[in-house]
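Structure assessment
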Amino acid sequence: MKLEKRSVFGWPGTAAGTAPCKNGLVVHYDGANQGLARKGHDACRTYWRNTRKFHMGPSRNWADIGYSFAVCPHGVVMEGRGFGRVQAAQPGGNTTWTSVTFCSGDAERPTSEQVNAFKELRAWLRGKGVAGAVRGHRDFISTSCPGSILYGMVRDGSLTGTPHEEDDLPSVKDVWLTDGIIESPPETAAGGNKYWTPGSYLVWGYRQNTETNAKVKSLEAKVASLESKLDQVLDLLREKQQA
Ligand SMILES: [Zn+2]
Ligand SMILES: [Zn+2]
């Protein structure tokens, strides 16, 4: 799980009191489409900081950002109040459930990375004793939150199940282009990079092979030409002896 803790956002420890929060997870959205999937992750951090400012500002006046956690379209879990803290997220479940917002609006379908981050967060919290239940904000009070798409996913079980870990493995291309994982051949190291990418190493090896093959072929040709010259000399000697 890629977890960005409060310190990443420059926030001190939360002022919120402790609470069990172990009944399960409650899914939220923003209400307004944010388009974060089309932007870099920096936009998510800005969004998260602004959400806290709004929640602590004059219109809400809360002690901290309202949610326990967020999961962004890039598959990052961003910490809000964190686990085991009273929230300002779903009245009726603020001390017994753990809130997770998807930072999205009604028309925004979560990315597969985002769904996976939710599953990873859920698995991590289950390890801390949180029950497996997943609800939507509207299961607590009358609200549109978490929107039709996310609420559909809450109901059809898309947000539960085992997270996949393939994303943690580098692709073949990543490995091919990774600098510094193979020691360069000793005859090339002087003055150059001591470590190469696998790609550089294989290209070098192929070229060496090609050069070696060319040398062997030219030596073979020279030996053949010497042999034929020797034959001619021997023939001449034989002719002289017979004469
Ligand atoms: Zn909500
Ligand atoms: Zn992000």
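Note that this is a predicted model, so its numbers are computed, not measured.

**Quick notes on helix α6 (residues 198-242)**
- Relative to the 66 Å expected for 45 residues at 1.5 Å per residue, α6 spans 66 Å between its end C-alpha atoms, a close match to the ideal helical length.
- Buried within α6 are the following residues: P198, G199 and W204.

**Considering the domain arrangement of the protein**
- Once the domains are mapped, the protein shows domain 1 (2-168) and domain 2 (172-226).
- The C-alpha-based centres of domain 1 and domain 2 are spaced at 52 Å.

**Focus on unusual backbone geometry**
- Each neighbour pair has its own omega, and for C145 with P146 the value is 10°, a cis peptide bond.
- Following the sequence through the fold, P146 ends up in the loop between β6 (134-136) and α3 (147-156).
- Within the chain, C21 stands out as a residue other than glycine whose phi angle is a positive 55°.
- With a phi angle near 60°, N61 is a residue other than glycine that sits in the positive phi range.
- With respect to the helices and strands, N61 occurs in the loop between α1 (41-56) and β3 (69-71).
- Exposure remark for N61: the relative accessible area of 59% places this residue in the exposed category.

**Quick look at the packing of aromatic side chains**
- One pass over the structure, following the stated rule, counts 8 aromatic pairs.
- For the pair W196 and Y201, a centre-to-centre distance of 6.4 Å together with 65° between the ring planes defines the contact as edge-to-face.
- Overall, W196 belongs to the buried group, its relative accessible area being 14%.
- Through pairs of rings, three or more aromatic residues link up here, namely W196, Y201 and W204.
- Over the aromatic face of Y151 sits the side chain of R138, whose NZ or CZ is 4.5 Å from the ring centroid.

**Overview of the coordination of the zinc ion (ligand 1)**
- The protein atoms donating to the zinc ion (ligand 1) are H28 (ND1), H137 (ND1) and C145 (SG), with metal-donor distances spanning 2.0 to 2.3 Å.
- Linear spacing of the donor residues for the zinc ion (ligand 1) on their chain is H-x108-H-x7-C. Highlighted residues: H28 in strand β2 (residues 25-28) and H137 in the loop between β6 and α3, separated in sequence by 109 residues. Each member of the pair, H28 as well as H137, carries the same accessibility label: buried.

**Re the sheet that holds strand β4 (residues 76-79)**
- Strand order in the open sheet formed by 6 strands is β1-β4-β3-β5-β2-β6, and the pairing between neighbours is mixed. Every other strand in the sheet has two partners, leaving β1 (2-4) and β6 as the edge strands with one partner each. Adjacent strand axes in the sheet meet at a mean angle of 30° when their direction is disregarded.
- Here β2 runs beside strand β5 (residues 98-101); their pairing, made up of 4 bridges, is parallel. Bridged to H28 within β5 is T101.

**A short note on the pairing of β4**
- The alternating pattern of β4 places V76 and M78 on one face and V77 and E79 on the opposite face, and all of these are buried.
- Relative to β4, β1 runs parallel, the two sharing 3 bridges. Paired with L3 across the bridge in β4 is V77.
- Following β3, the chain reverses through 4 residues before pairing antiparallel with β4; G75 in that reversal takes a positive phi of roughly 85°.

**Quick look at the environment of R126**
- Turning to its location among the elements, R126 is positioned in helix α2 (residues 112-126).
- For the pair R126 and C103, spaced 23 residues apart in the sequence, the C-alpha separation amounts to 22 Å.
- Not counting chain neighbours up to four residues away, the residues in contact with R126 comprise A131 and G132.

**A few points about α2**
- In this model, α2 (15 residues) spans 21 Å end to end at C-alpha, consistent with the 21 Å of a helix rising 1.5 Å per residue.
- Taken together, the buried positions of α2 are occupied by Q114, V115, N116, A117, F118, K119, E120, L121, R122 and L125.

**Concerning the pattern of salt bridges**
- Counted under the stated rule, the structure contains 6 salt bridges.
- Put simply, K194 and E183 hold a salt bridge, and the shortest N to O gap is 3.1 Å. Taken together, the residues span a long stretch of sequence, with K194 in the loop between α5 (186-189) and β8 (195-196) and E183 in strand β7 (residues 182-183) at a distance of 11 residues.
- Under the relative-accessibility criterion, K194 is labelled partly exposed at 46%.

About the thresholds
- Residues numbered from 1 in each chain as written.
- Chains lettered and ligands numbered in written order.
- Predicted model: local features only at pLDDT ≥ 70, side-chain atom pairs only at ≥ 80, totals over all residues.
- Heavy atoms only, no water.
- Helix = DSSP H or I, 4+ residues; strand = E, 2+ residues; numbered from the N terminus.
- Expected span 1.5 Å × (residues − 1).
- Buried < 20%, exposed > 50% of the residue type's maximum accessible area, 1.4 Å probe, protein only.
- Domains from an automatic or database assignment.
- Phe/Tyr/Trp six-rings, centres within 6.5 Å; stacked < 30°, edge-to-face > 60°.
- Lys NZ or Arg CZ within 6 Å of the ring centre and 35° of its normal.
- Donors = N, O, S within 2.8 Å, 3.2 Å for Na, K, Ca; no water.
- Pairing = 2+ DSSP bridges.
- Axes fitted to C-alpha atoms, helices over the stretch in contact; angles between N-to-C directions.
- Contact = heavy atoms within 4.5 Å.
- Salt bridge = Lys/Arg side-chain N within 4 Å of Asp/Glu carboxyl O.

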